[in-house]
Amino acid sequence: MIKKYAKYFVRFGFIVRGIVYVLLGIYGVKSAIGLSGEIKNTFDIVSGFNNLPFGKTILIFIFFGFIGYGSWGIIRSFFDPLNKGKDIAGITTRIGYFSSGVSYFALSVLPFHLIFSIDSVYSSGTKNIANLLNNFTGGFILIMILGLIIIVSGLGQVIYGLKEDFRNALIEVKSQNKKKIIILTGKIGYISRGIIYTILGIFFFKAGVVGDSIQAKDSSEILNWIWEKTGGSILLGLFSLGLIALGSYLIISSTVIKFKKIFISLSVSASGI
């Protein structure tokens, strides 16, 4: 019974995160074609729901969705249902899964605070992390290290997309058209997000090197930085379409993840603890 509901919980997490990525991409596309002058990040998207009718209800769904997706990261890290192994590459990948899980648990604090009208420090997204680290002794070294971690994570996502490793988490899809859509959206999505993460990491690393946390940027500022370059509108449009592709992949793949195999592996692993 627990396994049954756990599957739906994680699937719901995929759908919620996918919707957020689609919305991020839509705002980016609107900016690229001149319909909007504002590029939003995840925190902007989530906070915006608070001003809508039934906003609190929507935020409750988002909260549980982020918890569900965060749980997926922890499951992949500790129980290795995708068989990444215990070699250096496998451990590195599983650390990335763990980091993803923790980040979504942390992200769930925002809708939680909005639901209960609690003052939140989570107002500036990823960039706020640099400001927080700056308060510690040796904070700029920590910012540099975080920058390197983000760069490695970004490059890993690009490789993940190019190699189509995400296929390992999917069942064989009978419909060839559906299969092609899943693979195409996943590939474009992971590569696009990976490039954005890599640039984000470079700015974090630079902030640590020059000793100025203001140099660090969040995802929306990265897209703004791209937008301001020569041909930036085209690049912004392409990256935004990439985020829409990633969101679409998450939504579609929520129905075809190998949860039966994964939760059998989870049960066997848990019984040995």
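Cut-offs used in this document
- Residues numbered from 1 in each chain as written.
- Predicted model: local features only at pLDDT ≥ 70, side-chain atom pairs only at ≥ 80, totals over all residues.
- Heavy atoms only, no water.
- Axes fitted to C-alpha atoms, helices over the stretch in contact; angles between N-to-C directions.
- Helix = DSSP H or I, 4+ residues; strand = E, 2+ residues; numbered from the N terminus.
- Parallel < 35°, antiparallel > 145°, perpendicular 65-115°, else oblique.
- Contact = heavy atoms within 4.5 Å.
- Phe/Tyr/Trp six-rings, centres within 6.5 Å; stacked < 30°, edge-to-face > 60°.
- Buried < 20%, exposed > 50% of the residue type's maximum accessible area, 1.4 Å probe, protein only.
- Lys NZ or Arg CZ within 6 Å of the ring centre and 35° of its normal.
- Polar contact = N/O pair within 3.5 Å; in protein donor to acceptor, adjacent residues only side chain to side chain.
- pLDDT = per-residue confidence, 0-100.
- Salt bridge = Lys/Arg side-chain N within 4 Å of Asp/Glu carboxyl O.
- Nonpolar A, V, L, I, M, F, W, Y, C, P; charged D, E, K, R; others polar.

### As for the packing of helix 8 (residues 176-210) against helix 9 (residues 219-227)
Working note: a packed helix pair is described by the angle between its axes plus the distance between those axes. Contact geometry of helix 8 with helix 9 gives a least axis separation of 10 Å together with a crossing angle of 100°. For the element pair helix 8 / helix 9, the angle class is roughly perpendicular. Contacts from I196, I199, L200 and F203 in helix 8 reach S219, I222, L223, W225 and I226 in helix 9.

### Quick look at the packing of aromatic side chains
Applying the stated criterion across every chain, the model contains 15 aromatic pairs. Here the aromatic rings of F112 and F116 are separated by 5.0 Å at their centres, their planes lie at 55°, and the arrangement is tilted. For the ring pair F166 and Y190, a centre distance of 5.7 Å and an interplane angle of 25° mean the geometry is stacked. Of this pair, F166 sits in the loop between helix 7 (139-162) and helix 8 while Y190 sits in helix 8; the two residues are 24 residues apart in sequence, bridging distant segments of the chain. Side by side, F166 and Y190 carry an identical accessibility label, which is buried. A network of ring pairs unites the aromatic residues F14, F66, Y69, W72 and Y104 as a single cluster. Taking NZ or CZ as reference, K40 lies 5.1 Å from the ring centre of Y27, over its face.

### Some words on the side chain of R94
On the secondary structure map, R94 appears in helix 4 (residues 88-107). A polar contact is formed between the side chain of R94 and the backbone oxygen of G85, at a distance of 3.2 Å.

### Structural notes on the confidence of the model for the protein
Reading predicted coordinates in detail is not appropriate for stretches of low pLDDT. Here the protein averages 85 in pLDDT, and 88% of its residues register 70 or above. Mean pLDDT across the secondary structure elements of the protein bottoms out at helix 11 (residues 259-271), with 46, and peaks at helix 10 (residues 232-253), with 95. Taken together, the stretch residues 264-273 has pLDDT below 50 and engages in eight contacts with residues farther than four places along the chain or on a different chain.

### Some remarks on the pattern of salt bridges
Applying the stated rule across the entire model yields two salt bridges. Residues R94 and D80 are paired through a salt bridge, measuring 3.7 Å at the closest nitrogen-oxygen approach. Of the two residues, R94 is situated in helix 4 and D80 in the loop between helix 3 (55-79) and helix 4; the sequence distance between them amounts to 14 residues. As far as burial versus exposure is concerned, R94 and D80 are alike and both buried. Between E164 and K187 there is a salt bridge, and its shortest N-O distance comes to 3.2 Å. Of this pair, E164 sits in the loop between helix 7 and helix 8 while K187 sits in helix 8, placing them 23 residues apart in sequence.

### Digging into the environment of Q157
With respect to the element layout, Q157 can be found in helix 7. Along the sequence, Q157 and G96 sit 61 residues apart, while their C-alpha atoms lie 10.0 Å from each other. Residues within four places of Q157 in sequence aside, it is in contact with Y190, I191, R193, G194 and Y197.

### Quick notes on the packing of helix 2 (residues 42-49) against helix 3
For the pair helix 2 and helix 3, interaxial distance at closest approach is 8 Å and the crossing angle is 140°. Taken together, the axes of helix 2 and helix 3 are oblique relative to one another. Here helix 2 contributes T42, V46 and F49 to the contact with helix 3, which in turn contributes G55, I58, L59, I62 and F66. The residue makeup of the contact of helix 2 with helix 3, split by class, is six nonpolar, two polar and no charged.

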